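# Fold and geometry: a report
Take a look at the letters that make up each chain.
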Amino acid sequence: MTGLLAVEGISKRFTVSRGIGGGTATVHAVDDVSFSIAAGETLGLVGESGCGKSTVGKMIVRLLEPDEGRIRLDGADVTHASYRAMRPLRRKVQMIFQDPNGSLDPRQRAGDIVEEPLIVHGLGNAAERRRRVADLFARVGLRPDQMGNVPSKFSGGQRQRLAIARALALQPSLIVADEPVSALDVSIQAQVVNLMADIQKEFGLAYLFVAHDLGVVQHISDRVAVMYLGRIVEIGGTAAVYHRPSHPYTRTLMEAVPRPDPARRHSRVRVPRGEVPSPLDPPPGCTFHPRCPIATDICRRERPLLRRVASGAQAACHHAE
Amino acid sequence: MKPLLSIEGLTVELSTRDRTFEAVSDLTFGVSRNEVLALVGESGSGKSMTAMAIMRLLPEPVAEIASGRIMFDGIDLASAGEASLRGIRGNRIGLIFQEPMTSLNPSIRVGPQVAEVLRLHKGLDADAARHRVEELFEQVRIPDPRRRYDDYPHQMSGGMRQRVVIALALACDPDVLIADEPTTALDVTTQAQILETFRDLQASVGAATILITHDLAVVAETADRVAVMYAGRIVEETTTERLFAAPRHPYTHGLLGSIPHVAEAGARERLPEIEGTVPALWALPPGCAFAPRCPRAGERCATERPPLADIEPGHRAACWYPVEAAA
């Protein structure tokens, strides 16, 4: 398997104010995270709010610079590439955001939004670009007569289609999608998930699919990484992570997801203990130990590293088998 | 059982600068003591507007009750005066909103906020109110309730704040509880904790409960009965078991089919889609509002609106060509 993207031990720290007179503190938003994505593959990145999953996505598209670690794209180290050096790389990696309203210029016409990356990268003449935009509109299921409309004329699902068309314009090999369907109505989510799966097959795209919805992630991902307090606690094939979860946090998460099955109402679902600790003051050792049903002394002292477990996945747990 | 709260032909009109249209149309349903009824729908379906109408908290005059009755204990809330509503709201009818900061005052400590309600509605003195609030905090499983009493809302996590809001809603032993997306803003592990607390307390208080949500999985794990709303109307209503086992309205059927679940088997087929988009409420088709997206629609659906009628005992659906009941 050829690695398209290799992320090696990246970390990101933020300095935050502790409030009046409290000075400042450092949050390890992302702490020593490594993974790779092969061409045409989808890696799902899940976790609860504040776990660092969106920060990872932003570092890969270089909206944020990692404090440590390396990011390689097609073998080239792009961690600290200059703005100019990034330009050819930006063609390879595109991003889709949760809220298309925030990522689409409200005054720009839809056709121009999709054409803009082609102009920026000097691709084709005016007629060729127009043809390419028309193709992209058709591909994502928008009508050609909608090209003259501003984003507010589109429904939420159509705006996300527009964002996908713009991301596709440069024929990227990787799209980082940050919660791409979570702002959409339930009946529209399936349309966008299917569209993303279709264009993946057609163009051989790889995705880093960042989301909190475990059902959607399971559906679209080949592999899944689970984050907790800035670290990956488990990573592996989707079936292994979902059906044979090895890290106690993964098990907690899977158990907590409500399912559309009324029978569960009468059975006693195991409810998770405690709350996510403040990232300002993470527990020592394994950061999950205060909530973990199987924690022992070593968990309070030593940080567990990711290692291969029986399911075939990797888990960062002293007690995983 | 006679419903404790019954909504009869409720219509809510919205007026914008350009137009007036119905956000909720001719809604009829009831909810009994010890029962959780879920109102489920997508954005614009009218579910939250219905809750606001019941509480008479509509942003008038933009939104107004145009017709219908909201009967609670012999009183029609739709026409009741502000004075009698004040005695009911927050006292006999408790409210839980999605975002706890909608209900909590950020500049007042959480304990005194709940105590205030008890002094107002129940006439408790300061000591008795404080004692009762600590009990309530314990019931909603706030750890160390005595110390937490003096926290400001911002010192608490989202999950803890939502527990305070549940305590607030339950403070006066309400007869009716209305919960509007109570766990939507929460993470999945916190959601599981809050839903458990909510279920346990609802059962012990026995309040007639309306749970408003877009999340069918939350419905499955919480509600006794479900009413599915689409474009301002109920399109299907039955018991939770029945709805999930044999949905009859094509919209419900499509919705249940299109959600990727954390399933037992990891098959990755294409998700069944519902085509098209939710229509604008001011441009609804003359017949069934779902007809333009419906795979089963016939000619009649375009011109004649199907009434919400019993298609089997205890199962109502508004459809001319309902999905066959599964065996």
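Provided above is the structure to which this section pertains.
Residues numbered from 1 in each chain as written. Chains lettered and ligands numbered in written order. Predicted model: local features only at pLDDT ≥ 70, side-chain atom pairs only at ≥ 80, totals over all residues. Heavy atoms only, no water.

### Section: the overall build of chain A
Along its length, chain A carries 11 helices and 12 strands. For a compact globule of 321 residues, the expected C-alpha radius of gyration is about 20 Å, and chain A comes in at 21 Å, within 12% of that figure. Dimensions of chain A, computed from the C-alpha atoms along their principal axes, are close to 70 × 50 × 50 Å. The buried share of chain A, taken over its 321 residues, is 54%. In the form shown here, chain A has an accessible surface area of approximately 13700 Å², with 50% of it arising from carbon and sulfur atoms. Charged side chains in chain A number 42 positive and 33 negative. The centres of these two groups are separated by 1 Å. (Helix = DSSP H or I, 4+ residues; strand = E, 2+ residues; numbered from the N terminus. Rg over C-alpha atoms; globule rule 2.2 N^0.38 Å. Buried < 20%, exposed > 50% of the residue type's maximum accessible area, 1.4 Å probe, protein only. Areas by Shrake-Rupley, 256 points an atom, 1.4 Å probe, with all protein chains shown as cover. Lys, Arg positive; Asp, Glu negative; His and termini not counted. Charge placed at Lys NZ, Arg CZ, Asp CG, Glu CD.)

### Remarks on the sheet that holds strand 7 (residues 176-180) of chain B
Strands pair in a sheet through their backbones, by hydrogen bonds, and they do so in one of two ways: parallel or antiparallel. Residues and elements named next belong to chain B. Strand order in this open sheet of 8 strands is 6-7-8-3-9-10-12-11, and the pairing throughout is mixed. Either end of the sheet is taken by a strand with one partner, and the two such strands are strand 6 (93-96) and strand 11 (309-312). Strand-to-strand twist in this sheet, taken as the mean axis angle between neighbours without regard to direction, amounts to 20°. Alignment of strand 3 (residues 36-40) against strand 9 (residues 225-230), held across 4 bridges, turns out to be parallel. Residue V40 lies in a different strand from strand 9, and its bridge partner there is V228. Packing of helix 1 (residues 47-54) onto the sheet brings it into contact with strand 3, strand 7, strand 8 (208-213) and strand 9, and relative to strand 8 it is tilted by some 145°. Strand contacts of helix 11 (residues 250-258): strand 9 and strand 10 (233-239), with the helix running at about 100° to strand 9, the strand carrying the most contacts. (Pairing = 2+ DSSP bridges. Axes fitted to C-alpha atoms, helices over the stretch in contact; angles between N-to-C directions. Contact = heavy atoms within 4.5 Å.)

### Here's the deal with the sheet that holds strand 5 (residues 76-77) of chain A
Strand order in the open sheet made by the 4 strands is 2-1-4-5 (chain A), with antiparallel pairing throughout. Two strands lie at the open edges of the sheet, namely strand 2 (24-38) and strand 5 of chain A, each paired on one side alone.

### Focus on the pairing of strand 9 (residues 223-228) of chain A
All names here are of chain A. With 6 of 6 residues buried, strand 9 lies mostly within the body of the structure. Both faces of strand 9 are covered, namely the face carrying R223, A225 and M227 and the face carrying V224, V226 and Y228. Alignment of strand 3 (residues 42-46) against strand 9, held across 4 bridges, turns out to be parallel. Within the sheet, the bridge partner assigned to V46 lies in strand 9 and is V226. Bridge analysis of strand 9 against strand 10 (residues 231-237) gives 6 bridges, and the strand direction is antiparallel. When the bridges of strand 10 are listed, A225 appears paired with I235. Between strand 9 and strand 10, which pair antiparallel in sequence order, lie 2 residues; one of them, L229, sits at a positive phi of approximately 45°.

### So, the packing of aromatic side chains
Following the criterion strictly, the structure yields 7 aromatic pairs over all chains and no others. Centre to centre, the rings of B:Y251 and B:F290 are 5.3 Å apart; their planes meet at 65°, and the pair counts as edge-to-face. Placement of B:Y251 in helix 11 and of B:F290 in the loop between helix 11 and helix 12 (299-303) is noted, with a sequence separation of 39 residues between them. A single burial state applies to B:Y251 and to B:F290, both of which are buried. Members of the aromatic cluster, connected to one another through ring pairs, are A:Y228, A:Y249 and A:F288. A cation over a ring is seen here: B:R130 above B:Y149, with NZ or CZ 3.8 Å from the ring centre. Over the ring of B:W320 we find B:R300; its NZ or CZ atom is 3.5 Å from the centre of that ring. (Phe/Tyr/Trp six-rings, centres within 6.5 Å; stacked < 30°, edge-to-face > 60°. Lys NZ or Arg CZ within 6 Å of the ring centre and 35° of its normal.)

### Describing the nonpolar core
In terms of nonpolar packing, the biggest core is built from 98 residues, with B:L5, B:F29, B:I54, B:L77, B:I178 and B:I210 touching the most fellow members. Here this core takes 8 residues from helix 7 (residues 158-170) of chain B, the largest share from any one element. Apart from the residues lying within four places of it in its own chain, the contact partners of B:I54 are B:L5, B:I7, B:F29, B:I70, B:L77, B:I178 and B:I210. Counting 67 residues, the second-largest nonpolar core is a separate cluster that includes A:V140, A:V193, A:I199 and A:A211. (Core = buried A, V, L, I, M, F, W, Y, C linked by side-chain atoms within 4.5 Å.)

### Quick look at the pairing of strand 7 (residues 174-178) of chain A
All names here are of chain A. Of all 5 residues making up strand 7, 5 are buried, and the element is well covered by its neighbours. Burial of strand 7 is two-sided: the residues L174, V176 and D178 facing one way and the residues I175 and A177 facing the other way are all buried. With 4 bridges joining them, strand 6 (residues 93-96) and strand 7 adopt parallel strand pairing. Paired with M95 across the bridge in strand 7 is V176.

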